[in-house]
Amino acid sequence: MEQGDDTPLKRVILDRIKESGPMTFAAYMAACLYEPGLGYYTSPGRKVGAEGDFYTSSNVHAVFGRLIARELCRMWEVLEKPVRFEIVEVGAGNGRLARDILDAVGERNPDFYGALTYRLIEAEPSLAQSQREILNGHLDRAAWSDPADLAAGRLSFTGCLLSNELIDAFPVHVVEMTAAGLREVYVTAAGDELGEEFGPPSTAELEERLRYLGITLHQGQRAEINLAAPRWLASVARALDRGFVMTIDYGYPATELYAPMRKNGTLLCYYRHTVEENPYVRPGLQDMTSHVDFTTLVRRGEELGLKTAWFGEQYRFLMGAGMMEEMLAMEAGAATEEERLKGRLALKKLLLPDGGMGDTFMVLIQAKGVERPELLCMREWGKGL
Ligand SMILES: C[S@@+](CC[C@H](N)C(=O)[O-])C[C@H]1O[C@@H](n2cnc3c(N)ncnc32)[C@H](O)[C@@H]1O
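Residues numbered from 1 in each chain as written. Predicted model: local features only at pLDDT ≥ 70, side-chain atom pairs only at ≥ 80, totals over all residues. Heavy atoms only, no water.

1. Quick look at the overall build of the protein chain
Filter applied, for reference: Labels follow the DSSP assignment, with helices taken as runs of H or I lasting at least four residues and strands as runs of E lasting at least two, numbered in each case from the N terminus. Here the globule rule reads 2.2 Å times residues to the power 0.38, and the radius of gyration is calculated from C-alpha atoms. Burial classes: relative accessible area under 20% of the type maximum marks a residue as buried, over 50% as exposed, and values in between as partly exposed (1.4 Å probe, protein chains only). Shrake-Rupley sampling with a 1.4 Å probe provides the accessible areas, and residues are treated as covered by the protein chains on show and by no other component. We count Lys and Arg on the positive side and Asp and Glu on the negative side, and we leave His and both chain ends out. To locate a charge, take atom NZ for lysine, CZ for arginine, CG for aspartate or CD for glutamate.
Of the regular secondary structure elements, the protein chain holds 15 helices and 16 strands. The globule rule puts the C-alpha radius of gyration for 385 residues at 21 Å, and the 21 Å found for the protein chain is close to it. Seen along its three principal axes, the alpha-carbon backbone of the protein chain occupies a region of about 60 × 45 × 40 Å. Buried residues in the protein chain amount to 56% of all 385 residues. For the protein chain, the accessible area works out to roughly 16800 Å², and carbon and sulfur atoms hold 52% of it. If the 42 positive side-chain charges of the protein chain are averaged to one point and the 56 negative ones to another, these points end up 3 Å apart.

Below, the structure written as structure tokens:
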């Protein structure tokens, strides 16, 4: 089925609702993205890049991975060059970021490369094949684990856990403040159509989260609550012996995320590079995301022993990590004027604020067991550390 509204997954969801009653939006989103064989991420087809539905920074240009590699080298040094350092990338997708990071580390720092294991964790098992192909030159450094290994506490490492656009793809609950108090959005089946209705919150955790954040929604205001994110962070904190967690994603601190001006929340769908606001069309064929609540990650992280080392916009992170040095190297190394132009355009896209990726995306770096987490992103531009 192509663009139509009636996807095979829609039938499955309608039947499920008819059998068991309305489902929370989180359950609906989980099905849309991860239903085996039918969900957006769990069915065949290109998702990211020109032929897909959206771009991620790692698919814009290898310079994104090269800049992250600079910061990872710095982390290895800050930890006093442990003989084994793992980079654990969760939501590793097609493996492009992993390849760009390994290429850069291999070129620039053979000692660090020799200490490295790059572990890829991806919810969609079929991507392992393309990851292996793209990492062809680095297979002796690469390792794979299942999301369940992380969730069940089977991993333990010193190094850095990295994710790019992972947490925005976790299923969220949707709530709305009404005259009768906080209500949750449930997905319903009316004949052959999906709809929604309000019901009491499915779990007390929803109101608890808003209280934890000191947020009061205004009447008529809708918001998403990501209960999966802090649970995931707890498994990350448990797996990390010593080192860093680097989270790159779009989002805001809670006061901005839940500001009254965002009356309809931040839930968005992407289909072939266009934004779709209706989550009930093309279930399983369009991506669905919501902005990340960075306050919960920061606070919950502190409670779990993850100290906030740095939080800021992607463009500030990339500048600090060595954007100027990379730009000069790109200019010097480009074989043709076209290649040079491509490099400049990519940097522009990654750095540009006001609608570009530069300030839509935020970078959060948390540290565990690190006395002085002096990272490149902390340096004042134009000065060394
Ligand atoms: C928006 S894509 C980003 C892919 C890649 N990081 C990039 O920048 O291009 C999100 C990816 O996270 C994966 N994912 C979602 N939940 C996950 C989890 N709990 N563990 C591992 N991967 C997960 C999805 O299957 C999908 O490939």
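That shown, we press on.
2. A look at the sheet that holds strand β13 (residues 287-289)
The following threshold applies: By this definition, two strands are paired if DSSP reports at least two bridges between them. Comment: axis = line fitted to C-alpha atoms, over the contacting stretch for helices; angle = value between 0 and 180 degrees taken between N-to-C directions.
Here we have 3 strands laid out as an open sheet, ordered β12-β11-β13, and antiparallel in their pairing. Looking at the sheet topology across the chains shown, the edges are occupied by β12 (274-276) and β13. Ignoring strand direction, the axes of neighbouring strands in this sheet form an average angle of 35°. As paired strands, strand β11 (residues 268-271) and β12 are joined by 3 bridges and run antiparallel to one another. Of the residues in β12, the one forming a bridge with C269 is E276.

3. Digging into the pattern of salt bridges
Selection rule: The term salt bridge refers to a pairing of a side-chain nitrogen on Lys or Arg with a carboxyl oxygen on Asp or Glu at a separation within 4 Å.
The final tally for this structure, using the stated rule, is 23 salt bridges. For E325, the salt bridge is made with R379, and the minimal N-O distance between the two is 3.3 Å. Remark: R379 occurs in the segment after β16 (361-368) and E325 occurs in helix α13 (residues 314-333); sequence separation between them is 54 residues. The exposure class assigned to E325 is partly exposed, which follows from its relative accessible area of 33%. Under the relative-accessibility criterion, R379 is labelled buried at 16%. Ionic contacts of the salt-bridge type, sharing partners, join the residues R11, D15, K18 and D192 into one network.

4. Considering the side chain of S163
What counts, and what does not: The contact definition used throughout considers only heavy atoms, calling two residues in contact when any of these lie within 4.5 Å.
Among the secondary structure elements, S163 is positioned in strand β5 (residues 157-164). Residue S163 is classed as buried on the basis of its relative accessible area, which comes to 1%. In this view, S163 contacts V90, W232, M246, T247 and I248; residues no more than four positions away in its chain are not counted.

5. Looking at α13
For an α-helix, 3.6 residues make a turn, and residues three or four places apart therefore share a direction. The condition is simple: A helix is expected to span 1.5 Å multiplied by its residue count minus one. A residue's bend is simply the angle between two axes: one fitted to the seven residues ending at it, one to the seven starting at it.
Taking 1.5 Å of rise per residue, the 20 residues of α13 would be expected to cover 28 Å, yet its terminal C-alpha atoms sit only 25 Å apart, more than 12% below that figure. A bend of about 70° at G322 is the largest found in α13. When α13 is considered as a whole, its buried residues turn out to be Q314, F317, L318, G320, A321, G322, M323, E326 and M330.

6. Section: the packing of aromatic side chains
Put simply, the test is: Pairing of aromatic rings covers Phe, Tyr and the six-membered ring of Trp, with a centre-to-centre limit of 6.5 Å; geometry is then stacked below 30 degrees between planes, edge-to-face above 60, and tilted otherwise. Lysine and arginine charges are scored as sitting over a ring when NZ or CZ, respectively, is within 6 Å of the ring centre and within 35 degrees of the ring normal.
The tally for this structure, following the rule as stated, stands at 11 aromatic pairs. For the ring pair Y34 and Y41, a centre distance of 5.8 Å and an interplane angle of 20° mean the geometry is stacked. Summarising the aromatic geometry, the rings of F294 and F311 are spaced 5.1 Å apart at their centres and angled 40° between planes, so their arrangement reads as tilted. Here the residue F294 occupies a position in helix α12 (residues 294-303), and F311 occupies one in strand β15 (residues 307-313), the gap between them amounting to 17 residues. Overall, F311 belongs to the partly exposed group, its relative accessible area being 28%. The structure contains a cluster of three or more aromatic residues connected by ring pairs, namely F25, Y28 and Y280. The ring of Y113 has R141 lying over it, and the distance from NZ or CZ to the ring centre is 5.8 Å. Between the NZ or CZ atom of R282 and the centre of the ring of Y271, over which it lies, the distance is 4.1 Å.

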